[in-house]
Amino acid sequence: MNTTLITGASSGIGEAFARRFAALGRNVLLVARSEDKLVSLCNELGRINSIRAQYVAMDLSKPESPARLFEETERRGLVTDTLINNAGFGSMGEFTRLDSARELEMIDLNVKALVDLTYRFLGPMRARKQGTIINVASTAGFQPVPFMATYAATKAFVLSFSEALWEENRPHGVHVMALCPGVTETNFFEAAQIQKPPGRAEQTPEDVVDTALRGLARGKSHIVSGWTNLLMIESERLVPRSFVVRMAGRVLRPYFGDGNKETTGSKDTKE
Ligand SMILES: NC(=O)c1ccc[n+]([C@@H]2O[C@H](COP(=O)([O-])OP(=O)(O)OC[C@H]3O[C@@H](n4cnc5c(N)ncnc54)[C@H](OP(=O)(O)O)[C@@H]3O)[C@@H](O)[C@H]2O)c1
């Protein structure tokens, strides 16, 4: 049974992907830790669309999870023709004051799980000469971001990795694309107990999914969601990289620098 696998589908952008793909008549396999949310979303999607909605509740930051998830799709007889690597989280603050275990967990989820899942599902897609992989990066992946150093670096990885795989896999019928949202109205900021970056226009998760579908239709290697975000990224290309980093530092230091200890937490509220 052909299926779209979406990680981080219990809220935000992943949930919007689940709703859209189900509405397009695609069977979905939803993955996140919050089983209660996945159960109710699957029930709703299965009821209103003529599709099969299934879930796997798991913590993808655990090293064994991607292999377990792949085996579970095989056991259920699912053909994953679309993989959306969306699960991720961030932190904000002075790097030395953040929880190091949490920073490493971020790399495990945002980078390691994404690479592992891409590797496992890409092989069969290439064998079938058909498939789509959307890796959710961020506008934060285009430049280093002081006070979001680890998060921005994970997203730079996702962007670079996806663009390289886009080129490698074009002749093999598989489309790999990085999706780069800017600030989006989701649980992202609450989950990480961080403030939204000041002065940035927000998009809805549905806007971001619209962008992704446009990117797929155009065969893009990456796509930035929102024209103000695109304008910002394009304009940053025109000035030295060090200038961009210093400007970002100047904007964020009053919120997250040494002078503002209250706003530097990255404590996880989910587990
Ligand atoms: N919101 C923004 O402004 C923004 C901007 C650029 C990029 N992004 C990226 O967009 C993606 C989706 O985030 P969002 O904005 O939609 O935030 P969100 O509402 O917090 O959604 C994050 C999703 O990831 C899941 N998740 C978190 N940790 C997990 C783990 N260890 N194992 C499995 N699933 C996990 C969460 O579900 P559970 O808690 O149930 O596990 C949830 O479904 C992320 O990669 C994020 O970096 C967001």
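Residues numbered from 1 in each chain as written. Predicted model: local features only at pLDDT ≥ 70, side-chain atom pairs only at ≥ 80, totals over all residues.

### Some points on the overall build of the protein chain
At step 1: A tally of regular secondary structure across the protein chain gives 9 helices and 7 strands.
At step 2: Here the C-alpha radius of gyration of the protein chain, 18 Å, is about what a compact globule of 271 residues would show, namely 18 Å.
At step 3: The dimensions of the protein chain, computed from C-alpha atoms along their principal axes, are 55 × 40 × 30 Å. (Helix = DSSP H or I, 4+ residues; strand = E, 2+ residues; numbered from the N terminus. Rg over C-alpha atoms; globule rule 2.2 N^0.38 Å.)

### Some details on the site of the ligand
At step 1: For the ligand, the set of nearby residues contains 29 residues, the closest of which are Gly 8, Gly 12, Arg 33, Ser 34 and Gly 88.
At step 2: The set of elements that each furnish at least two residues to the shell around the ligand consists of α1 (12–23) and α6 (188–191).
At step 3: Ranked by the residues each element gives to the shell around the ligand, the list is headed by α1, at 3 residues. (Near = placed C-beta within 6 Å.)

### Let's talk about unusual backbone geometry
At step 1: Residues other than glycine seldom take positive phi values, yet Lys 129 does so here, at roughly 55°.
At step 2: By the element assignment, Lys 129 lies in the loop between α4 (100–128) and β5 (131–136).
At step 3: According to the C-beta neighbour criterion, Lys 129 is exposed, with 10 such atoms within 10 Å. (Buried ≥ 20, exposed ≤ 12 C-beta atoms within 10 Å, placed from the backbone.)

### Structural notes on the nonpolar core
At step 1: Judged by nonpolar contacts, the single largest core of 65 residues is most densely connected at Ile 6, Phe 17, Ala 18, Val 28, Leu 30, Val 31 and Leu 179.
At step 2: At 7 residues, the largest contribution of residues to this core is made by α4.
At step 3: What Ala 18 contacts, discounting residues up to four positions off in sequence, is Ile 6, Ala 9, Val 28, Leu 30, Leu 41 and Leu 45. (Core = buried A, V, L, I, M, F, W, Y, C linked by C-beta atoms within 7 Å. Contact = placed C-beta atoms within 7 Å.)

### Some thoughts on the sheet that holds strand β3 (residues 53–57)
At step 1: With parallel pairing, 7 strands are arranged side by side in an open sheet as β3-β2-β1-β4-β5-β6-β7. Looking along the sheet, the strands with just one partner apiece sit at the ends: β3 and β7 (222–224). Strand-to-strand twist across the sheet, computed as the mean angle between neighbouring axes with direction ignored, equals 20°.
At step 2: Bridge count for strand β1 (residues 2–7) against strand β2 (residues 28–32) is 4 bridges, and the pairing is parallel. Counted as the bridge partner of Leu 5 is Leu 29 from β2.
At step 3: Along the sheet face, helix α5 (residues 149–169) touches β5, β6 (174–180) and β7 and points at about 155° away from the line of β6. (Pairing = 2+ DSSP bridges. Axes fitted to C-alpha atoms, helices over the stretch in contact; angles between N-to-C directions.)

### As for the confidence of the model for the protein chain
At step 1: Of the residues in the protein chain, 94% reach a pLDDT of 70 or more, and the chain-wide mean stands at 93.
At step 2: Contacts for the low-pLDDT stretch residues 261–271, under 50 throughout, to residues beyond four places or in other chains number 23 contacts. (pLDDT = per-residue confidence, 0-100.)

### Side note on the pairing of β3
At step 1: In terms of strand pairing, β2 meets β3 through 5 bridges, oriented parallel. Bridging across to β3, Val 28 finds its partner in Ala 53.
At step 2: Handedness of the crossover is the feature at issue here: the chain leaves β2, passes through helix α2 (residues 35–48), returns alongside β3, and the resulting connection is right-handed. (Right-handed = clockwise from strand over helix to strand, strands pointing away.)

### Overview of the pairing of β2
At step 1: Within β2, 5 of the 5 residues are buried, leaving the element largely enclosed by the surrounding structure.
At step 2: With α1 bridging β1 and its parallel neighbour β2, the resulting β-α-β unit is right-handed.

### A look at α1
Since there are 3.6 residues in each turn of an α-helix, residues three or four apart along the chain are aligned in direction.
At step 1: The terminal C-alpha atoms of α1 lie 17 Å apart, and with 12 residues this matches the ideal 16 Å at 1.5 Å per residue to within 8%.
At step 2: Across the 12 residues that make up α1, a large majority, 10, are buried.
At step 3: Among all positions in α1, only Gly 12, Ile 13, Gly 14, Glu 15, Ala 16, Phe 17, Ala 18, Arg 19, Phe 21 and Ala 22 are buried.
At step 4: Downstream of α1 by a residue or two, Gly 25 has a phi angle that is positive, lying close to 90°. (Expected span 1.5 Å × (residues − 1).)

### Comments concerning the environment of Pro 63
At step 1: Within the fold, Pro 63 resides in the loop between β3 and α3 (65–75).
At step 2: Assessed through the 11 C-beta atoms surrounding it within 10 Å, Pro 63 is described here as exposed.
At step 3: Each C-alpha atom of the pair Pro 63 and Lys 112 lies 8.2 Å from the other, and the pair is 49 residues apart in sequence.

### Examining the packing of α4 against α5
At step 1: Taken N-terminus to C-terminus, the directions of α4 and α5 make an angle of 10°; their axes are 9 Å apart at the nearest point. Viewed along their axes, α4 and α5 adopt a mutual orientation that is roughly parallel. Of the residues in α5, those touching α4 at Glu 103, Met 106, Ile 107, Asn 110, Val 111, Leu 114, Val 115 and Arg 126 are Thr 150, Tyr 151, Thr 154, Phe 157, Val 158, Phe 161 and Asn 169.
At step 2: For the contact of α4 with α5, the class distribution of residues is 9 nonpolar, 4 polar and 2 charged. (Parallel < 35°, antiparallel > 145°, perpendicular 65-115°, else oblique. Nonpolar A, V, L, I, M, F, W, Y, C, P; charged D, E, K, R; others polar.)

### Side note on the environment of Gln 130
At step 1: The topology assignment puts Gln 130 in the loop between α4 and β5.
At step 2: A tally of 14 C-beta atoms within 10 Å means that Gln 130 is categorised as partly exposed.
At step 3: Between the alpha carbons of Gln 130 and Ile 51 there is a distance of 21 Å; along the sequence they are 79 residues apart.
At step 4: Sequence-distant contacts of Gln 130, defined by excluding residues within four places in its chain, comprise Asp 81, Met 125 and Gly 173.

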